[in-house]
Amino acid sequence: MTNMTALPTFWKHLLTVLGGSLAAQALPIVAAPLITRLCTPAELGAFSVWLGIVAIAAVAATLRMEFAMVVDPGRIRQRLCFGVVAWSSSWLAVVLTVALLAARWLDLVAMSWPGILTLGLAAWLTAGMQTTLAYAASHNGFAAAAKARIVAAGGVAGVQLALLALLAGLPWLTSHLAGTGGDALLAGQLAGMAVGLVAARRLLNLPLRRFGSGITARQAGDVNAAGANNAAAVASSAALRWLAYLRRLRRQNLAALLPTTAQRRYLRRHRAFWRFTLPSSLLNAAVGQLPLLIIGARHGVMAAGLFALTQRVLAAPISLLAASVLEVFKRESVRQYQEHGDCRPAYRHALRVLLALGAAPALVLWLASPALFGLVFGPAWRGAGELAQIMAPLFFLNFVAGPLSYVFSVAGRQKIELLWQVALFATTVAAFMAPLSLAHNVLAYSIGYSLLYLVYLHLSYRYARERPSGRRLHVAG
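Sequence positions are assigned chain by chain, starting from 1 and proceeding in written order. Local features in this predicted model are restricted to residues of pLDDT 70 or higher, and side-chain atom pairs are both shown and tallied only at a pLDDT of 80 or more, whereas totals for entire chains, interfaces and linings draw on every residue. Excluding hydrogens and water, the side-chain values take into account all heavy atoms of the structure.

## Let's talk about the overall build of the protein
Helix and strand definitions here come from DSSP, where helices need a minimum of 4 consecutive H or I residues and strands a minimum of 2 consecutive E residues; each element is numbered from the N-terminal end. Along the backbone of the protein there are 18 helices and zero strands. When accessible area is computed with a 1.4 Å probe and restricted to protein chains, residues below 20% of their type maximum are described as buried, those above 50% as exposed, and intermediate ones as partly exposed. Among the 477 residues that make up the protein, the fraction classed as buried is 51%. Areas reported here follow the Shrake-Rupley algorithm with a probe of radius 1.4 Å; residue values treat only the protein chains shown as occluding. Taken as a whole, the protein presents about 21300 Å² of accessible surface, with 68% of it coming from carbon and sulfur.

Spelled out as structure tokens, the structure:
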């Protein structure tokens, strides 16, 4: 009975999200061969390091509370979730920017000034987008989320190519300023994220309360609608909200910089996410960037650039296609767990879809990626294809296991996931710090990571089968 009722809903939502994600994925794939001919491996490597730090910072910025957005879908509580993420992401952006500025002045970091000045802003935008998409998933707003992804991907690709083409026509500028290609990629990423976030919030009726102004969600929607037709109204509304916050800051002093009483209660209610899921996610994000950082230190910037392209190409289906399955799986797994005490039907549907979508691309990469990379991206990037060939099985397992990991949150098994992430971190460090050639470092990493993913899949299916005894749903520890 459950199988018959779950399948149509799952596939209907999945096809909606997947259609938008495929369109969004096509844009960076089409742009990649042009980008690699307009920038050097070193410039791509510098941009990838910046983007990797943004990804880690964005995880910290959300406190992983966007997961609570799905499992606790009440409108008032979701408004609190938006407030909590706005508070945490804003403070992290400020603190991170100040810390990076100080480190740059002391010559402790080699990142460019544009990268330092925009890293906190990029993390803030990413955190806002993640939370907004989680809200869309909690209310079946998959079509709106898909449109927002397409807008964001198109904005990133379009601005990056436009800026790189402009720099290519200004050789006198690039000869005097090093790393301009990397800064162009950075600016395009920021523009795309900003446009995507604005589109997502226009398409969704978010339950936002503006800086304690007391307006209702319907009134907020009216303000947004008016602002769409009148730029002055938008500026005036934003100014009034900031004035209201400044009045609160003057009235409450430092207390206004802390979460409100209601937000603190919300954080306590969903403490499992920031106590266990957050450190687990931070470890996972750090593990994703450690190879690039260690390769750059041990094998040089050229090797780092090649590895960055490998990650960029192989991560595209993971970040978009697998994320589409995850959005639907979140909703279905929570519903089935609440109704039946397990989410086996949703898990099996998601597993079949992931296996079907990932098998053929992984096989093609494993057999022919060196020739494909050389043909598509240029002869200078053939080495990236050789690394992709080694890592094809790993990225296939990552594609399959990533969305299914949400079972750990639904079943309240964040502690187990955290232990797995610690083991993964240790495996990554050991593989890349070993005194081997670049190819052998990558091979050791791929084998160790793949074995851990097999364990991960086994555990996720085990927890999908039944709710752990003596635990309340969504609350661990």
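Now, onward.
## Points about the packing of aromatic side chains
Pairing of aromatic rings covers Phe, Tyr and the six-membered ring of Trp, with a centre-to-centre limit of 6.5 Å; geometry is then stacked below 30 degrees between planes, edge-to-face above 60, and tilted otherwise. Counting across every chain of the model gives 15 aromatic pairs. Aromatic side chains Trp 105 and Trp 113 sit 6.1 Å apart centroid to centroid with 55 degrees between the ring planes, which places their arrangement in the tilted category. Ring pairing ties together the aromatic residues Phe 307, Phe 408, Trp 420, Phe 432, Tyr 445, Tyr 449, Tyr 453, Tyr 456 and Tyr 463, which thus form one cluster.

## Points about the confidence of the model for the protein
As a per-residue quantity, pLDDT reports the predictor's confidence and falls between 0 and 100. For the protein, mean pLDDT is 78; residues scoring 70 or higher make up 78% of the total. Ignoring residues within four places in sequence, the model shows residues 1-7, a span with pLDDT below 50, making ten contacts including any to other chains. Residues count as neighbours in contact if any of their non-hydrogen atoms are within 4.5 Å of one another. In the model, residues 470-477 has pLDDT below 50 throughout and makes 26 contacts with residues more than four positions away in sequence or in other chains.

## Let's talk about the pattern of salt bridges
By definition here, a salt bridge exists when the distance from a side-chain nitrogen of Lys or Arg to a carboxyl oxygen of Asp or Glu is within 4 Å. For the structure shown, the criterion picks out two salt bridges. Between Glu 66 and Arg 64 there is a salt bridge, with its nearest N and O atoms 2.6 Å apart. We classify Arg 64 as buried; its relative accessible area is 9%. Note that Asp 107 and Arg 104 form a salt bridge whose closest N and O atoms lie 4.0 Å from each other. Under the relative-accessibility criterion, Asp 107 is labelled exposed at 61%.

## Focus on helix α12 (residues 271-299)
Expected helix span is computed as 1.5 Å times (number of residues minus one). Between its first and last C-alpha, α12 extends 41 Å over 29 residues, near the 42 Å set by a 1.5 Å rise per residue. The principal kink in α12, of about 40 degrees, is found at Thr 277, preceding the proline Pro 279 by one to four residues. Looking one or two places after α12, you find Gly 300, whose phi comes out positive at around 100 degrees. The reported bend at a residue is simply the angle between two axes, fitted to the 7 residues ending at it and to the 7 residues beginning with it.

## What about a nonpolar patch on the surface?
Each patch is built from residues lacking any salt bridge and having more than 30% relative accessible area; the joining distance is 9 Å for like charges and 5 Å for nonpolar side chains (Val, Leu, Ile, Met, Phe, Trp, Tyr). A cluster of nonpolar side chains, Trp 91, Val 94, Val 95 and Val 98, forms an exposed patch at the surface whose accessible area comes to about 360 Å². Position of Val 95 among the secondary structure elements: in helix α4 (residues 75-105).

## What to know about unusual backbone geometry
Within the chain, Leu 63 stands out as a residue other than glycine whose phi angle is a positive 60 degrees. The topology assignment puts Leu 63 in the loop between α2 (41-62) and α3 (66-71). In this model, Arg 64 sits at a positive phi of 60 degrees, which is unusual for a non-glycine residue. Position of Arg 64 among the secondary structure elements: in the loop between α2 and α3.

## A short note on the nonpolar core
Where a protein is soluble and globular, its nonpolar side chains tend to be buried together. Take the buried Ala, Val, Leu, Ile, Met, Phe, Trp, Tyr and Cys residues and link them wherever side-chain atoms come within 4.5 Å; each set so joined is a nonpolar core. With 113 residues, the main nonpolar core has Trp 50 and Met 65 as its most contacted residues. Excluding residues that lie within four positions of it along the chain, Trp 50 makes contacts with Met 111, Gly 115, Thr 118, Leu 119, Ala 122, Leu 186, Gln 189 and Leu 190.

## Some remarks on the packing of helix α5 (residues 113-138) against helix α6 (residues 142-168)
In this description, a line fitted to the C-alpha atoms serves as the axis of each element, helices being fitted only across the stretch in contact, and the angle between N-to-C directions of two axes falls anywhere from 0 to 180 degrees. Where α5 meets α6, the axes come as close as 8 Å, and the angle between the chain directions of the two elements is 150 degrees. Comparing the axis directions of α5 and α6 gives the class roughly antiparallel. Here α5 runs over α6; the crossing is left-handed. The residues of α6 that touch α5, namely those facing Met 129, Leu 133, Ala 136 and Ala 137, are Phe 142, Ala 145, Ala 148 and Arg 149. Following the grouping adopted for this structure description, the nonpolar residues are Ala, Val, Leu, Ile, Met, Phe, Trp, Tyr, Cys and Pro, the charged ones are Asp, Glu, Lys and Arg, and the polar ones are all others, Gly among them. Its residues placed into classes, the contact of α5 with α6 shows seven nonpolar, no polar and one charged. Angles below 35 degrees are treated as roughly parallel, those above 145 as roughly antiparallel, those between 65 and 115 as roughly perpendicular, and all remaining angles as oblique. Should the near helix be turned counterclockwise from the far one by less than a right angle, the crossing is left-handed, whereas a clockwise turn marks it as right-handed.

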